[in-house]
Amino acid sequence: MTRAVIYARYSPGPNQKEESIEAQVYACRKYCQDKDYAVVRQPYTDEKKSGASDDRVAFRQMIRDAKAGIFDVVVVHKIDRWARDRYDDAFYKRELSRAGARRESVVETFGTGPAAELTENIIADISDYFLDNLRVETKKGLAVKARQARSCGGRPPLGYDLDAEGHYAINELEAPVVRIIFTMYDQSRTYS
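Values in this document were obtained by computation on a predicted structure and should not be read as measured data.

The rules behind the values
Residues numbered from 1 in each chain as written. Predicted model: local features only at pLDDT ≥ 70, side-chain atom pairs only at ≥ 80, totals over all residues. Heavy atoms only, no water. Helix = DSSP H or I, 4+ residues; strand = E, 2+ residues; numbered from the N terminus. Rg over C-alpha atoms; globule rule 2.2 N^0.38 Å. Buried < 20%, exposed > 50% of the residue type's maximum accessible area, 1.4 Å probe, protein only. Contact = heavy atoms within 4.5 Å. Areas by Shrake-Rupley, 256 points an atom, 1.4 Å probe, with all protein chains shown as cover. Lys, Arg positive; Asp, Glu negative; His and termini not counted. Charge placed at Lys NZ, Arg CZ, Asp CG, Glu CD. Core = buried A, V, L, I, M, F, W, Y, C linked by side-chain atoms within 4.5 Å. 1 Å grid on protein atoms, 1.4 Å probe; cavity = no way out; pocket = protein on both sides within 12 Å on 5 of 7 lines; lining within 4 Å. Points joined across faces, edges and corners; volume = space filled by probe spheres on them. pLDDT = per-residue confidence, 0-100. Polar contact = N/O pair within 3.5 Å; in protein donor to acceptor, adjacent residues only side chain to side chain. Pairing = 2+ DSSP bridges. Phe/Tyr/Trp six-rings, centres within 6.5 Å; stacked < 30°, edge-to-face > 60°. Lys NZ or Arg CZ within 6 Å of the ring centre and 35° of its normal.

1. A closer look at the overall build of the protein chain
Summing up its helical and strand segments, the protein chain has 6 helices and 7 strands in all. Traced from its N-terminal end to its C-terminal end, the protein chain shows the element sequence β-α-β-β-α-β-α-α-β-α-β-β-α. Taken against the 2.2 N^0.38 rule, which gives 16 Å for 192 residues, the C-alpha radius of gyration of the protein chain at 24 Å runs more than 25% over that of a compact globule. In terms of overall dimensions, the protein chain has a C-alpha envelope of 75 × 35 × 30 Å along the principal axes. Burial analysis of the protein chain (192 residues in total) assigns 33% to the buried set. Taking the intrachain contacts of the protein chain between residues at least 6 apart in sequence as the baseline, contacts between residues at least 24 apart amount to 62%. Accessible area for the protein chain stands at about 12400 Å²; split by element, carbon and sulfur atoms hold 54% of it. Looking at the protein chain, you have 31 positive and 30 negative side-chain charges, and the mean spots of the two groups are 2 Å apart.

Here it is as structure tokens:
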């Protein structure tokens, strides 16, 4: 019988949820049941960890366990849960192979042979591209907001509130304190 383990991960960020892990593990367990794989240990899970880095405790433990021969296959919900960096994807896939194990995805099925390998690599490249493009687009969007004097997130600074459109508006209760601070600075006075 094929010995399987499950790896699940969700990224840091305000739109990421703990329930993502539960949903991934559920889908992976069903996949293993359908394939008649024996799940040999609790799932490896990394919460609030980016797939753009291999600095993930559970992920690294899983690779060590593969080298120790504990399992035959790692089941992930999608390839991007494994890695979002094409080099990490290729490196750790090779580490698994050297350990006599492989990776399978619940959502993406590739088959076998050269075309399957190519397709899997293209998906890893697209996942890597997605993060790179997201960074560029996010920076562009933040620059536009800053030019419009709109909040880019977080708490407004002392002396300001946000209006309905996200523009900074003077907080009349805090403004006198800010004016005192600037006056003291202008007079070269220090905090102490």
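Structure's up, so let's keep going.
2. Things to note about the nonpolar core
Soluble globular proteins tend to bury their nonpolar side chains together. With 16 residues, the main nonpolar core has Met62, Phe71, Val74, Trp82 and Leu96 as its most contacted residues. Of all the elements, helix α2 (residues 57-67) adds the most residues to this core, at 5 residues. When residues no more than four places from it in sequence are discounted, the contact partners of phenylalanine 71 are Arg3, Ala4, Val5, Val40, Tyr44, Met62, Asp65, Ala66, Leu96 and Ala101. Listed in part, the 12 residues of the second largest apolar core include Ala8, Ile21, Val25 and Val75.

3. Describing the layout of surface pockets
The space that makes up the largest pocket amounts to roughly 510 Å³. Lining the largest pocket are 21 residues; nearest its centre among them are Arg102, Arg103, Glu104, Gly111 and Glu120. Sorting the residues of the lining of the largest pocket by element identifies α1 (19-35), α4 (86-98), β5 (102-105) and α5 (114-147) as the ones contributing at least two each.

4. Points about the confidence of the model for the protein chain
Summarising the model, the protein chain shows a mean pLDDT of 86, and 92% of its residues fall at 70 or more. Highest mean pLDDT in the protein chain belongs to strand β2 (residues 38-39) (97); lowest belongs to α5 (73).

5. Structural notes on the side chain of arginine 103
Relative to the assigned elements, arginine 103 resides in strand β5. For arginine 103, a relative accessible area of 8% puts it in the buried group. A polar contact is formed between the side chain of arginine 103 and the side chain of aspartate 89, at a distance of 2.5 Å. Ignoring anything within four residues of it in the chain, the contact list for arginine 103 reads Val73, Val74, Val76, Ile79, Trp82, Asp89, Lys93, Leu96 and Glu120.

6. Points about the pairing of strand β4 (residues 73-76)
The two faces of β4 match: Val73 and Val75 on one face and Val74 and Val76 on the other face are all buried. When strand β1 (residues 3-9) meets β4, the two strands line up parallel, connected through 4 bridges. In the strand pairing of β4, tyrosine 7 is matched with valine 76.

7. Quick notes on the packing of aromatic side chains
Evaluated as defined, the whole model comprises 6 aromatic pairs. Consider the rings of tyrosine 7 and phenylalanine 59, whose centres lie 5.5 Å apart with planes at 75°: the pair is edge-to-face. Taken together, the residues span a long stretch of sequence, with tyrosine 7 in strand β1 and phenylalanine 59 in helix α2 at a distance of 52 residues. Judged by centre distance (6.0 Å) and plane angle (75°), the ring pair of tyrosine 160 and tyrosine 168 falls under edge-to-face. Every member of this aromatic cluster is reached through a ring pair, and the members are Tyr7, Phe59, Trp82, Phe91 and Tyr92. Its end group placed over the ring of tyrosine 44, arginine 41 keeps NZ or CZ at 3.9 Å from the ring centre. We note arginine 56 situated over the ring of phenylalanine 59; from NZ or CZ to the ring centre the distance is 4.2 Å.

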